[in-house]
Amino acid sequence: TKLRQAIRDGALHVHYQPRYDAVSLAVVGVEALARWNDPEEGPVAPAEFIPLAEECGLIAAIDEWMLETACREMQTYCTNFGTDFRVAVNLSPAQFIREDLHDVIAGILDRTGFPGNRLELEITESLFGPGSTNACTILEHLRELGIEICIDDFGTAYSSLSRLKQLPLHTLKIDQSFVRDLGRD
């Protein structure tokens, strides 16, 4: 009930995590992250409210709000400061059952004026389990908008390295469990 109310009342907000160029250390973009600060409970972790949103059928509303807000705010920022920042936004696997996903995202890009070639959609590799042909087709259509596709937390679900060659991806974010002890283990 509180999550429904937070969505209805606009109580969610976007937190932007900078992304740096590893050589120059310049900020080259941001990742848009959903945050919820409940008036009674205080900050609610995304690990708590995102699965709840998926379970209750609220994730589409959050995803669309996040995508539109991030694109609008980054378009304003880039215009005001003369930058070409990229923005990455997480997209729930639940969105890939929608037949209108391409149209929804194209509409958001049109309304906000944010160029598709500066948008990156982060998805989880669970999307590419057995029988994921439809997801690949949808991703190919999204790429036609100039959007880049990234697998987030790679190594925690189904994908093998050989499967990656078959997917329409631009970026791979390896799960921290694989790199946390790098240099020690």
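It should be emphasised that the depicted structure is a prediction, and the values quoted were computed from it without experimental measurement.

A. Representation of the overall build of the protein chain in the model. Scanning the protein chain from N- to C-terminus turns up seven helices and seven strands. Written out in order from the N terminus, the α and β elements of the protein chain read α-β-β-β-α-α-β-α-β-α-β-α-β-α. As displayed, the protein chain has an accessible area near 10500 Å², and 52% of this comes from carbon and sulfur atoms.

B. The pairing of strand β2 (residues 27–38), seen in detail. In terms of strand pairing, strand β1 (residues 12–20) meets β2 through nine bridges, oriented antiparallel. The residue of β2 that forms the bridge with R19 is G29. Linking two consecutive strands that pair antiparallel, namely β1 and β2, is a turn of six residues; a positive phi of about 65° is found at L25 within it. Bridging between β2 and strand β4 (residues 86–90) involves four bridges; their strand directions are parallel. From the neighbouring strand, E31 faces β4, where its bridge partner is A88. Taken together, the three bridges between β2 and strand β3 (residues 42–44) define a ladder with antiparallel strand orientation. By the bridge assignment, D38 is partnered in β3 with G42. If you look at the hairpin formed by β2 and β3, you'll find three residues sitting between the two strands.

C. Representation of the packing of helix α3 (residues 59–81) against helix α4 (residues 101–112) in the model. Closest axis-to-axis distance for the α3/α4 pair is 9 Å, and the angle between their directions is 30°. Taken together, the axis directions place α3 and α4 in an arrangement best described as roughly parallel. α4 is crossed by α3, and the crossing has right-handed handedness. Listed contacts from α4 to E64, L67, E68, C71, R72 and Q75 of α3 are V104, I105, I108, L109, R111 and T112. Split into classes, the residues belonging to the contact of α3 with α4 amount to six nonpolar, two polar and four charged.

D. Inspection of the pattern of salt bridges at higher detail. A full pass over the atoms with the stated rule returns eleven salt bridges. D84 is the partner of R118 in a salt bridge, and the nearest nitrogen-oxygen pair spans 3.7 Å. Of the two residues, R118 is situated in the loop between α4 and β5 (119–124) and D84 in the loop between α3 and β4; the sequence distance between them amounts to 34 residues. Taking relative accessible area as the criterion, R118 reaches 12% and is therefore assigned buried. Given a relative accessible area of 59%, D84 falls into the exposed group. Between R98 and D100 there is a salt bridge, with the nearest N and O atoms lying 3.0 Å from each other.

E. Fine view of the nonpolar core. In terms of nonpolar packing, the biggest core is built from 40 residues, with L67, V87, V89, F96, I105, L119 and L121 touching the most fellow members. Looking at this core element by element, the count peaks at eight residues for α3. Once residues lying within four places of it in the same chain are set aside, the contact partners of L121 are L67, V89, L91, I105, L142, I147, E148, I149 and C150.

F. Representation of α4 within the structure. With twelve residues, α4 extends 17 Å from end C-alpha to end C-alpha; this agrees with the ideal 16 Å at 1.5 Å per step. Those residues of α4 lying buried are L101, V104, I105, A106, G107, I108, L109 and T112. G113, located one to two residues past α4, shows a positive phi value of around 75°.

Rules used in this analysis
Residues numbered from 1 in each chain as written. Predicted model: local features only at pLDDT ≥ 70, side-chain atom pairs only at ≥ 80, totals over all residues. Heavy atoms only, no water. Helix = DSSP H or I, 4+ residues; strand = E, 2+ residues; numbered from the N terminus. Areas by Shrake-Rupley, 256 points an atom, 1.4 Å probe, with all protein chains shown as cover. Pairing = 2+ DSSP bridges. Axes fitted to C-alpha atoms, helices over the stretch in contact; angles between N-to-C directions. Parallel < 35°, antiparallel > 145°, perpendicular 65-115°, else oblique. Left-handed = near helix turned anticlockwise from the far one by under 90°. Contact = heavy atoms within 4.5 Å. Nonpolar A, V, L, I, M, F, W, Y, C, P; charged D, E, K, R; others polar. Salt bridge = Lys/Arg side-chain N within 4 Å of Asp/Glu carboxyl O. Buried < 20%, exposed > 50% of the residue type's maximum accessible area, 1.4 Å probe, protein only. Core = buried A, V, L, I, M, F, W, Y, C linked by side-chain atoms within 4.5 Å. Expected span 1.5 Å × (residues − 1).

It is worth stressing that arrangement in space is one thing and function is another; only the former is reported here.
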